[in-house]
Structures are given as C-alpha cells and as structure tokens.
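Descriptive structure summary
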Amino acid sequence: MGKKNNGDQSDRIQRGKTARLTDDHEKKNQIRRVKDVEMTLPVVYGTISFWLGKKADEYHSHKWTVYIRGATNEDIGVAIKRVVFQLHPSFNNPTRVVESAPFELSETGWGEFEISITIFFHGDVAEKPLDLFHHLKLYPEDESGPQSIKKPVVVESYDEIVFAEPSEAFYLRARNHPAVVTTGTPTGLSLPPPSGTTNENFSEKKRGDTKDHPLNQWFLRHSEADELAQLTAARQQVQNHIMKLRRQVNLVEIEVTRLKANSGQ
C-alpha cells in the first residue's frame, strides 16, 4: 500500500490500523472528552538493516535500527512520551527505553527476531500504552544474490493511532500540530482566539522530526493515495468473494430444490 522509495531497494511494506484505547478508570479520573472530534496520529514503525561486509563476524553480521516515526516525518513526540523496545533476551539490557523523539535504537547482531514496541502517551492524552510488534529482517527476500553493504533491507509498517473523542487538554494542545490529523467540529467547547502561538510554533520546533534523519533516504513513502488504493482493492476483493459465495449458495439451493422434487416423485 505504500510506495517504495526506489526501485532497487530491498523492502517490504505492511499496513494496519489501530483503534483508540479507552481507559477503564476514565470516569474516576473525570477526563473531559471532546465530542464529535477524531484525532489521528499516522505512524510508521520498522527496521533498516545493513550488512557489515568485511567487518562482519560470527555474531555481528549486520547493523540495524528499529524505530517508530511520523508517517510524514513530523515530530510524533507531541503525543508519545516514551517508547520501550523489547529485544531478544540474548542482548545485554534487552529492554530499551527511549524517552524522547526520535524514538529509535541501533544494534548489531546476526539473527532475526520479533521486537515488541510499547508506546506510552503523555498524561494529557489520557490513553493506555499501546503495543506493536515488528519482525527484524536482516536478509533480502531474494537471498540467492550477494549481499550489499550499500543497499539495506527495509521493512516498515504503516499504522494510524486514532483518538476518538480525545481528551480536551490534548485536543487544545495538539489540534494544529502537523503530525496530527484532526477531523470533526467540537461540541460545547470554547476555543481560544487565533494567535501567533496557537500551535506553539510547531513548524519552528523540529525537536523530534525525522526529515533530516541520516536514514531518511531509505525511509519508505506512505501516502494517503496509496492507502486509498489499497483499501479500494481490498474492498473489491471482499465484494468478489461475496459474489462467489452467493453463486455457490444459489447452486446449492438449486440442487436442494432438484433433490426435493425427485424425492416427491
């Protein structure tokens, strides 16, 4: 569903959507929610791995980076407070905590394994932690050819963290942030008048964006057009499957009718 950064890049794209998580203790905490509004944080998480070539040894054949970033490389620190990466237990200190954006870590190793990614939100977001999972891939799909130290293996997943009826505090703070997509008109909420500091000059604060990241050239491009095309194709597949099932049901009904007619003779 995403568009590859370049034709010779060894990559794989996966897509999904994560629904908003409701807090069981919300009523006790008296969190004020904004009705008729939805805020979406499009994110991409994945790994980029490089073969070390002549520098490789038995236990360190690749250098890789695991990360979660904004789908448009904006600073997702507006909603995410910290991220915990759980590595394979063979690593020293396998539980790695990243307290600020960019949320990433780099390591070296020789094996592939599943990495769990736990996202913790800021207090005013008022949502429980979110768990994601990503499989570290070191080798290209076509393993028959020689590996290259210049062409990494890139595997990314696109996801959307959706905050339906976000907390009032989070809405007021982040509604104009470029990393967040806000839809709907709030009901019963008085907004402050527009000013030069309404969006806290987000465009000038590039704390955690990844637009100038050293690995940016390898990031895959994820666009709404690609997402829409994939959703349309998926819907078409579902419709085709439904039509096929209907035809099969019709054939069964015809056969049942024929058998009943024969048994009545």
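On a predicted model such as this, the values are computed, not experimentally measured, just so you know.

1. Thoughts on the overall build of the chain
Within the chain, the regular secondary structure consists of 3 helices and 10 strands. Secondary structure elements of the chain, listed N to C terminal, follow the sequence β-α-β-β-β-β-β-β-β-β-α-β-α. When each of the 265 residues of the chain is scored for burial, the buried share is 40%. Put simply, 73% of the contacts in the chain that link residues at least 6 apart link residues at least 24 apart. For the chain, the exposed surface amounts to about 15600 Å²; the carbon and sulfur share of it is 52%.

2. Considering the pairing of strand β4 (residues 80-86)
Across 6 bridges, the pairing between β4 and strand β7 (residues 114-121) is antiparallel. Opposite Val84, over in β7, you have Thr118 as the bridge partner. Judged from the 4 bridges that link them, β4 and strand β5 (residues 95-98) form a sheet pairing that is antiparallel. When the sheet's bridge partners are listed, Val84 is paired in β5 with Val97.

3. Observations regarding the nonpolar core
Nonpolar side chains tend to gather and get buried jointly when the protein is soluble and globular. If you look at the biggest cluster of nonpolar residues, it comprises 39 residues, and the most contacted ones within it are Leu41, Trp64, Ile68 and Ile115. Put simply, the parts of the chain that give this core at least two residues each are β2 (37-51), β3 (62-70), β4, β6 (103-109), β7, β8 (130-135), β9 (153-164) and α2 (168-174). In terms of residue count, β2 provides more of this core than any other element does, 5 residues in total. When near neighbours in sequence (up to four residues on either side) are disregarded, Ile115 contacts Thr47, Trp64, Val66, Phe85, Gln86, Leu87, Leu132, Phe133, His134 and Leu136.

4. Focus: the sheet that holds β4
Pairing in this open sheet of 4 strands is antiparallel, and the strands run β5-β4-β7-β8 from one edge to the other. Here the strands that pair on one side only, and so sit at the sheet edges, are β5 and β8. The average undirected angle you get between the axes of adjacent strands in this sheet is 20°.

5. Quick word on the side chain of Glu127
Assignment of secondary structure puts Glu127 in the loop between β7 and β8. Looking at Glu127, the relative accessible area reads 11%, which means it is buried. A polar side-chain atom of Glu127 sits 3.4 Å from a polar atom in the side chain of Arg33.

6. Re unusual backbone geometry
Note that the residue after Ala101, namely Pro102, is joined by a cis bond; omega there is 0°. With respect to the helices, strands and loops of the structure, Pro102 is situated in the loop between β5 and β6. A positive phi angle, near 60°, is found at Asp36, a position not held by glycine. Structurally, Asp36 can be placed in the loop between α1 (26-29) and β2. The phi torsion at Ala126 lies on the positive side, around 55°, for a residue other than glycine. The residue Ala126 is located in the loop between β7 and β8 in this model. Accessibility expressed as a relative area gives 11% for Ala126, which makes it buried.

7. Quick notes on the packing of aromatic side chains
Evaluated as defined, the whole model comprises 5 aromatic pairs. Both rings, one in Trp64 and one in Phe113, keep their centres 6.0 Å apart while their planes meet at 75°; by these two values the pair is edge-to-face. Taken as a pair, Trp64 in strand β3 and Phe113 in the loop between β6 and β7 lie far apart in primary sequence, 49 residues in all. The exposure classification of Trp64 matches that of Phe113, with both residues buried. With centroids separated by 5.4 Å and ring planes inclined at 70°, the aromatic side chains of Phe163 and Phe170 adopt a geometry described as edge-to-face. No difference in accessibility class separates Phe163 from Phe170, as the two residues are buried.

8. Describing the confidence of the model for the chain
Looking at the chain, pLDDT values average 80 and 73% of them are 70 or higher. In this model, residues 195-200 is a region of pLDDT below 50 whose contacts with residues beyond four sequence positions or in other chains number 7 contacts.

9. A look at the pairing of β2
A regular strand places its side chains so that they alternate between the two faces of the sheet. When you tally the buried positions in β2, you get 12 out of 15 residues, the bulk of the element. Bridging between β2 and strand β10 (residues 181-184) involves 4 bridges; their strand directions are antiparallel. Across the sheet, residue Thr40 finds its bridge partner in β10, namely Val181. Sheet analysis places β2 next to β9, joined by 12 bridges and oriented antiparallel. Its bridge partner lying in β9, Gly46 is registered against Glu156. Here β2 pairs with β3 via 9 bridges, running antiparallel. In the strand pairing of β3, Val44 is matched with Arg69.

Reading the values: the criteria
Residues numbered from 1 in each chain as written. Predicted model: local features only at pLDDT ≥ 70, side-chain atom pairs only at ≥ 80, totals over all residues. Heavy atoms only, no water. Helix = DSSP H or I, 4+ residues; strand = E, 2+ residues; numbered from the N terminus. Buried < 20%, exposed > 50% of the residue type's maximum accessible area, 1.4 Å probe, protein only. Contact = heavy atoms within 4.5 Å. Areas by Shrake-Rupley, 256 points an atom, 1.4 Å probe, with all protein chains shown as cover. Pairing = 2+ DSSP bridges. Core = buried A, V, L, I, M, F, W, Y, C linked by side-chain atoms within 4.5 Å. Axes fitted to C-alpha atoms, helices over the stretch in contact; angles between N-to-C directions. Polar contact = N/O pair within 3.5 Å; in protein donor to acceptor, adjacent residues only side chain to side chain. Phe/Tyr/Trp six-rings, centres within 6.5 Å; stacked < 30°, edge-to-face > 60°. pLDDT = per-residue confidence, 0-100.

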